[in-house]
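So the chains spell out like this:
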Amino acid sequence: PDGGIRDQIIKRINITKSSIELAMYSLTSGDIAEALANASRRGVQVRIVRDTSQSGEKNDENDFLRQARIEIHVIAGRGRGIMHDKFAVFDGKEAFTGSYNWTNNAEHNNWENALFTDEATVVQAYEKEFEVLWKAPEKQVRAKARPKSRRTH
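Owing to the predicted nature of the structure, the values given are computational and were not obtained by experimental measurement.

Asks: Where do I start with the overall build of the chain in this structure?
Replies: Within the chain, the regular secondary structure consists of 5 helices and 6 strands. Helices and strands appear in the chain in the N-to-C order α-β-α-β-α-β-β-β-α-β-α. Each of the three principal axes of the chain carries a C-alpha extent, and together these read 40 × 35 × 35 Å. Burial status across the chain gives 45% buried among its 153 residues. The long-range fraction of contacts in the chain, counting pairs at least 24 apart against all pairs at least 6 apart in sequence, stands at 74%. Carbon together with sulfur atoms contributes 47% to the accessible area of the chain, which is approximately 8400 Å² in total. Mean positive and mean negative side-chain charge positions of the chain (24 and 22 charges, respectively) differ by 5 Å.

Printed below as a string of structure tokens:
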């Protein structure tokens with residue numbers, strides 16, 4: 001808890017110049033969503049693969065990210081499976097992976113792990129996996145009750 005992973009993710013988002021490919025089971029961190037939106041506004045291509053069950057959660061950031069013109073592809077696993085991946089590729093040069101969902105709970109309450117690597121073969125493997133997920137059939141989001149927007153923009 002409070003290990004600073006969120007700040008490391010935001011740092012990488014902020015220095016990304018061309019592309020972010022992200023597969024994330026749960027994404028409820030407003031700070032990270034804001035950084036992704038800012039990256040999109042400055043011309044970074046941001047593509048996100050999300051899980052259908054998590055995309056309907058009350059604090060999910062998909063709606064905010066779509067308003068920032070970020071492409072989001074929502075999928076599920078096979079049968080009753082889920083899209084449980086948690087990884088990102090920044091500019092095709094660095095990858096992030098680990099147990100860490102991009103949530104406030106992960107940052108402040110959970111024991112989590114994260115790895116950032118620029119090892120070319122690892123980065124390429126994650127890029128390849130992202131393309132497989134991106135091409136998977138889209139699933140309908142099962143929306144849950146949502147609170148009023150937390151944002152003022």
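Asks: Quick question: what am I supposed to make of the pairing of strand S4 (residues 86-90) here?
Replies: Each regular strand displays side chains that alternate between the two surfaces of the sheet. Judged by how many residues are buried, S4 sits mostly within the fold: 5 of 5 residues are covered. Sheet analysis places strand S1 (residues 19-24) next to S4, joined by 5 bridges and oriented antiparallel. Note that in S4 the partner of Met24 across the bridge is Lys86. Across 4 bridges, S4 lies against strand S5 (residues 94-98) in antiparallel orientation.

Asks: Is there a simple way to think about the pattern of salt bridges in this case?
Replies: Pairing between side chains of opposite charge can happen when their charged atoms approach one another. Scanning all chains against the criterion turns up 6 salt bridges. Three or more residues are tied together by salt bridges with common partners; here these are Arg6, Asp7 and Asp31.

Asks: Explain the nonpolar core to me, please; I cannot follow it from the model alone.
Replies: Of all hydrophobic cores here, the largest spans 29 residues; its most connected members are Ile13, Ile20, Leu22, Leu36, Leu65, Phe96 and Trp102. Taken together, the elements giving at least two residues each to this core come down to helix H1 (5-15), S1, helix H2 (30-41), strand S2 (45-51), helix H3 (62-67), strand S3 (71-75) and S4. What Ile13 contacts, discounting residues up to four positions off in sequence, is Ile20, Ile32, Ala35, Leu36, Ala39, Arg42, Phe90 and Trp102. Ile75, Met83, Leu133 and Trp134 belong to the second largest nonpolar core, which has 8 residues in total.

Asks: Explanation requested: the side chain of Arg6 in the structure shown.
Replies: Position of Arg6 relative to the elements: it lies in helix H1. Contacts of Arg6, omitting those with residues within four sequence positions, involve Ser29, Asp31, Ile32, Tyr100, Glu107 and His108.

Asks: Explain the sheet that holds S2 to me, please; I cannot follow it from the model alone.
Replies: By way of backbone hydrogen bonds, the strands of a sheet pair with one another, either parallel or antiparallel. An order of S3-S2-S1-S4-S5-S6 is seen for the 6 strands of this open sheet, with the pairing classed as mixed. Taken across any chain shown, the strands that pair with only one partner, and hence form the sheet edges, are S3 and strand S6 (114-117). Direction aside, neighbouring strands of the sheet carry axes that sit 10° apart on average. Note that S2 and S3 share 5 bridges and pair parallel. Residue pairing across strands places Arg50 opposite Val74, the latter belonging to S3. Those strands touched by H1 are S1, S4, S5 and S6, and its axis lies near 30° from that of S6. Running over the sheet, H2 touches S1 and S2 and is turned about 145° from S2.

Definitions and limits used
- All chains use their own residue numbering, which begins from 1 and follows the written sequence.
- The predicted nature of this model means local features are confined to residues of pLDDT at least 70 and side-chain atom pairs, given and counted, to a pLDDT of 80 or more, with totals for whole chains, interfaces and linings taken over all residues.
- Side-chain metrics in this entry use all non-hydrogen atoms of the structure; hydrogen atoms and water are not considered.
- Counting from the N terminus, the helices are the DSSP runs of H or I reaching at least four residues and the strands are the DSSP runs of E reaching at least two.
- Exposure classes here rest on a 1.4 Å probe applied to the protein chains alone. A residue is buried below 20% of its type maximum, exposed above 50%, and partly exposed in between.
- We call two residues in contact whenever any of their non-hydrogen atoms come within 4.5 Å of each other.
- Note on areas: Shrake-Rupley with a 1.4 Å probe; residue coverage comes only from the protein chains shown.
- For the purpose of charge, His is not counted, nor are the chain termini; Lys and Arg are scored as positive and Asp and Glu as negative.
- We put the charge of a Lys on NZ, of an Arg on CZ, of an Asp on CG and of a Glu on CD.
- A pair of strands is considered paired only if DSSP assigns at least 2 bridges between the two.
- Just to be clear on terms, a salt bridge is a Lys or Arg side-chain nitrogen sitting within 4 Å of an Asp or Glu carboxyl oxygen.
- Put simply, a nonpolar core is a bunch of buried Ala, Val, Leu, Ile, Met, Phe, Trp, Tyr and Cys residues held in one set by side-chain atoms that sit within 4.5 Å of each other.
- Every axis corresponds to a line fitted to the C-alpha atoms, with the helix fit spanning only the stretch in contact, and the corresponding angles, defined between N-to-C directions, vary from 0 to 180 degrees.

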